[in-house]
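As a plain string of letters, each chain reads:
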Amino acid sequence: MAVWALGINHTTAPLDLRGRFAFALDQIAPTLQGLRQSLGGASRHPSVETAIISTCNRTEIYCAGNESALDHTLGWLAQSGGVSPALLRSHSYALEDGLVARHAFRVASGLDSMVLGEAQILGQMKDAVRAAETAGALGTTLNQLFQRSFAVAKEVRTSTEIGAHSISMAAAAVRLAGQLFEDLSEIRVLFVGAGEMIELAATHFAAKNPKAIAVANRTLERGEKLATRFGGEVMRLADLPDRLHEFDAVVSCTASSLPIIGLGAVERALKKRRHRPMFMVDLAVPRDIEPEVKALEDIYLYTVDDLAGVVQTAQAHRQAAVAQAEAIIDAGVQSFMHWMDQRSPTGGVVPLIQQLNVQTDEWRALEIARAKKLLAKGEDMDAVLEALSRGLTQKMLHGTLAELRAGDAETRAQTAQTVSRLFLRSQSKTGL
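Rules behind the numbers
- Within any chain, residue numbers begin from 1 and follow the written order of that chain's sequence.
- Two thresholds apply to this predicted model, a pLDDT of at least 70 for residue-level local features and 80 or more for giving and counting side-chain atom pairs, whereas whole-chain, interface and lining totals are computed over all residues.
- The basis for every side-chain value is the complete set of heavy atoms in the structure, and neither hydrogens nor water enter the calculation.
- Under the DSSP-based scheme used, a helix requires at least four consecutive residues in state H or I and a strand at least two consecutive residues in state E, with every element numbered from the N terminus.
- Throughout, radius of gyration means the C-alpha value; the globule benchmark is 2.2 Å times the number of residues raised to the power 0.38.
- Buried residues are those whose accessible area, probed at 1.4 Å on protein chains only, stays under 20% of the maximum for their type, while exposed residues exceed 50% and partly exposed ones sit between those limits.
- In what follows, residue pairs with any heavy atoms lying within 4.5 Å of each other are defined as contacts.
- Each accessible area value is a Shrake-Rupley result obtained with a 1.4 Å probe; residue values ignore everything except the protein chains displayed when judging cover.
- His is not counted here, nor are the chain ends, while Lys and Arg score as positive and Asp and Glu score as negative.
- By convention, charge coordinates are those of NZ in Lys, CZ in Arg, CG in Asp, or CD in Glu.
- All axes here are fitted lines through C-alpha atoms, helices being fitted over the stretch that makes contact, and every angle between N-to-C directions spans 0 to 180 degrees.
- Roughly parallel means an angle under 35 degrees; roughly antiparallel, over 145; roughly perpendicular, 65 to 115; everything else is oblique.
- Take the far helix as the reference: if the near one is turned anticlockwise from it by less than a right angle, the crossing is left-handed, and if turned clockwise, right-handed.
- Counting of polar contacts relies on pairs of N or O atoms within 3.5 Å, with two restrictions inside protein: one atom must be capable of donating a hydrogen and the other of accepting it, and residues adjacent in sequence are counted only when both atoms are side-chain atoms.
- Between the first and last residue of a helix there are one fewer steps than residues, each counted as 1.5 Å, and that sum is the expected span.
- Two strands qualify as a pair provided DSSP detects at least 2 bridges between them.
- For this analysis, a salt bridge means a side-chain nitrogen from Lys or Arg found within 4 Å of a carboxyl oxygen belonging to Asp or Glu.
- As used in this record, nonpolar core signifies buried Ala, Val, Leu, Ile, Met, Phe, Trp, Tyr and Cys residues forming a set joined through side-chain atoms within 4.5 Å.
- We call Asp, Glu, Lys and Arg charged. Ala, Val, Leu, Ile, Met, Phe, Trp, Tyr, Cys and Pro are nonpolar, and the rest, Gly among them, are polar.
- With its strands directed away from the observer, a crossover is right-handed exactly when the path from the first strand over the helix to the second travels clockwise.

J.: Hey, could you run me through the overall build of the protein chain in this one?
T.: The secondary structure content of the protein chain amounts to 18 helices and 10 strands. Taking 22 Å as the expected radius of gyration for a compact globule of 432 residues, we find that the protein chain reaches 31 Å, considerably beyond that expectation. Expressed along its principal axes, the backbone C-alpha trace of the protein chain runs to roughly 100 × 50 × 45 Å. Going through the 432 residues of the protein chain one by one, you find that 44% of them count as buried. Partitioning the intrachain contacts of the protein chain with sequence separation of at least 6 by distance along the chain shows that 71% fall at a separation of at least 24. By element, 52% of the accessible surface of the protein chain is carried by carbon and sulfur atoms, the whole surface being about 22100 Å². Separation of charge centres in the protein chain, based on 45 positive and 48 negative side chains, amounts to 3 Å.

J.: Can you help me understand the packing of helix α6 (residues 120-134) against helix α7 (residues 140-159) in this one?
T.: Helix packing geometry: the angle between the two helix axes and the distance between the axes. As a packed pair, α6 and α7 sit with axes 11 Å apart at the nearest point and diverge in direction by 160°. As the angle between them shows, α6 and α7 are arranged roughly antiparallel. For the element pair α6 and α7, the recorded crossing hand is left-handed. Across the interface between the two elements, Leu-122, Met-125, Lys-126, Val-129 and Glu-133 from α6 touch Asn-143, Phe-146, Ser-149, Phe-150, Ala-153 and Arg-157 from α7.

J.: So what exactly am I meant to see when it comes to the side chain of Ser-113 here?
T.: Within the secondary structure, Ser-113 sits in the loop between α5 (98-109) and α6. At 2.8 Å, the side chain of Ser-113 forms a polar contact with the side chain of Glu-118. Excluding anything up to four places from it in sequence, Ser-113 contacts His-10, Arg-58, Glu-118 and Ile-121.

J.: Hey, could you run me through α6 in this one?
T.: Its 15 residues give α6 an end-to-end C-alpha distance of 21 Å, which sits within 8% of 21 Å, the value for a rise of 1.5 Å per residue. Three or more residues of α6 are buried, namely Gln-120, Ile-121, Leu-122, Met-125, Ala-128, Val-129, Ala-131 and Ala-132. Where α6 terminates, the next one or two residues include Gly-136, which has phi positive at roughly 70°.

J.: What is the right way to read the sheet that holds strand β6 (residues 212-217) from this model?
T.: Where strands meet in a sheet, backbone hydrogen bonds hold them as pairs that are either parallel or antiparallel. Read across the open sheet, the six strands follow the order β7-β6-β5-β8-β9-β10; overall the sheet is parallel. Whereas interior strands pair on both sides, the edge strands pair on one side only; in this sheet they are β7 (233-236) and β10 (299-303). In this sheet, neighbouring strand axes are inclined to one another by 20° on average, regardless of whether the strands run parallel or antiparallel. Sheet topology places strand β8 (residues 249-252) next to strand β9 (residues 278-282); four bridges connect them, and they run parallel. Looking across to β9, one finds that Ser-252 is bridged to Asp-282.

J.: Just checking my understanding: could you explain the pattern of salt bridges for this structure?
T.: Oppositely charged side chains can form a pair if their charged atoms are brought close together. Taken as a whole, this structure holds 20 salt bridges when the rule is applied. Asp-112 is the partner of Arg-58 in a salt bridge, and the nearest nitrogen-oxygen pair spans 2.8 Å. With Arg-58 in strand β3 (residues 58-65) and Asp-112 in the loop between α5 and α6, the pair connects residues that are 54 residues apart, well separated along the chain. Glu-246 serves as the salt-bridge partner of Arg-243, at 2.9 Å between the closest nitrogen and oxygen. Taken together, the shared-partner salt bridges in this structure form one network comprising Arg-58, Glu-60, Arg-106, Asp-112 and Glu-326.

J.: For this particular structure, what's the right way to read the nonpolar core?
T.: Where a protein is soluble and globular, its nonpolar side chains tend to be buried together. Ranked by internal contacts, the top residues of the largest apolar core, which has 66 residues, are Tyr-62, Phe-105, Leu-145 and Phe-146. The element best represented in this core is helix α14 (residues 315-343), accounting for nine residues. In contact with Leu-145, not counting residues within four places along its chain, are Tyr-62, Val-100, Ala-101, Ala-104, Phe-105 and Phe-336. Of all hydrophobic cores here, the second largest spans 40 residues; its members include Ile-187, Ala-227, Val-281 and Leu-307.

J.: For this particular structure, what's the right way to read the environment of Ile-53?
T.: You can see Ile-53 is positioned in strand β2 (residues 49-54). Of the residues examined, Ile-53 reaches a relative accessible area of 1% and is grouped as buried. When the C-alpha atoms of Ile-53 and Met-125 are compared, they prove to be 6.3 Å apart, with 72 residues separating the residues in sequence. In this structure Ile-53 touches Arg-58, Thr-59, Glu-60, Tyr-62, Met-125, Ala-128 and Phe-146, once residues within four positions along its chain are discounted.

J.: Help me understand the packing of α5 against α6, please; the structure alone is not making it clear to me.
T.: Look at α5 against α6: their axes get within 7 Å of each other, and the N-to-C directions meet at 125°. Considering their axes alone, α5 and α6 lie oblique with respect to each other. Facing α5, whose interface residues are Ala-104, Val-107 and Ala-108, α6 presents Ile-121, Leu-122 and Met-125. For the contact of α5 with α6, the class distribution of residues is six nonpolar, no polar and no charged.

J.: Would you mind showing me how to read the pairing of β2 here?
T.: Two faces belong to every sheet, and in a regular strand the side chains alternate between them. Of all six residues in β2, five are buried, a share of seventy percent or more. Both β2 and β3 contribute to a ladder of six bridges, which runs antiparallel. Bridging from a neighbouring strand, Ile-52 pairs with Ile-61 of β3. Linking two consecutive strands that pair antiparallel, namely β2 and β3, is a turn of three residues.

J.: Could you clarify how one ought to interpret the pairing of strand β5 (residues 188-192) in this entry?
T.: Here β5 lies mainly inside the structure; four of its five residues are buried. Remark: the β5/helix α9 (residues 196-206)/β6 crossover connection has right-handed handedness. Bridge analysis of β5 against β8 gives four bridges, and the strand direction is parallel. Counterpart to Val-189 in the pairing with β8 is Ala-249.

Following this line, the structure appears as structure tokens:
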């Protein structure tokens, strides 16, 4: 079984390119179906396992099949994003076998994140795995890979201080807002969207007791639930252009494929505000706010990539834990590769174990059937049990005894050592 992965992240690809490959959670199932059909046509084994992790900082495809199909996977992803394979290749990373496991374990543990040690990625990976399971795209190999990723991440977080002093994107946004406004309790904050990232941002801003909080969301019910939690109001997305001027800070993160806050709307808002400054944070990939907005005077717009410098400030405090985390990951990779080797048709023991189980089940069924016939004829119970046990013993030892009698002296001696180790272990330990 081959395992391979292809991905882009915040270190290899710019924001706008990452936006081309962002998949909303409800898009994962049909996307996986298309990917599996494409890979099945290019593979000798059609039932290729697949999973997609897509966040604001990364899009990664994980696959398992009889043979690696990295080039085909890259071509498929490039086509889905409307770019050339050459461009995607220059901004992506391609991994196989043990390197896939190491990368997945590092991602789950927060070692590959923009915010070192952040925990949100683990939940996003679990969501991606559930989506793959629901789509029927996850098999034994990828399931093992991800379950082991979660176990390694848990050990890293409980055994090291990798998450200590972590600064999230939401906390970084509050810190930047505090640099622009003297008193955050005097500002009005608008949150656009109602997902996990917005909920986290709202939690951090609410701790500063702003003058007003509002939530604009496509689904009013979900927006209202979040707004109520923070004592704010809910509004429709359609009302956003007319009310944008009311807010000093805007934090947006939706799953929209196109910007929902355009240059014109912001220009009109500034005019109504008489050019009082506005703080804007676009946490979405693809962008929620048109990039041209950043050039406007009195607008302070930050994207996820702009926040990178802020979240790195606590990195030094966590570097000591990285070595410990890497050691845990090393052990996890070795364990996964050992599991893979065991399943190998050429060098693994799992197929042999399965064959042994099938053979012994056949012998057992034959002897039980024979015993039932004897009992039906009225044979003595003890005699039937004696015959059953003798029959099983003879079947199990027949091949072994034949090997001991065959071959030359050297071969018989090697066979004798193996038989002693397999069948006489308890006697040798007790000295019998």
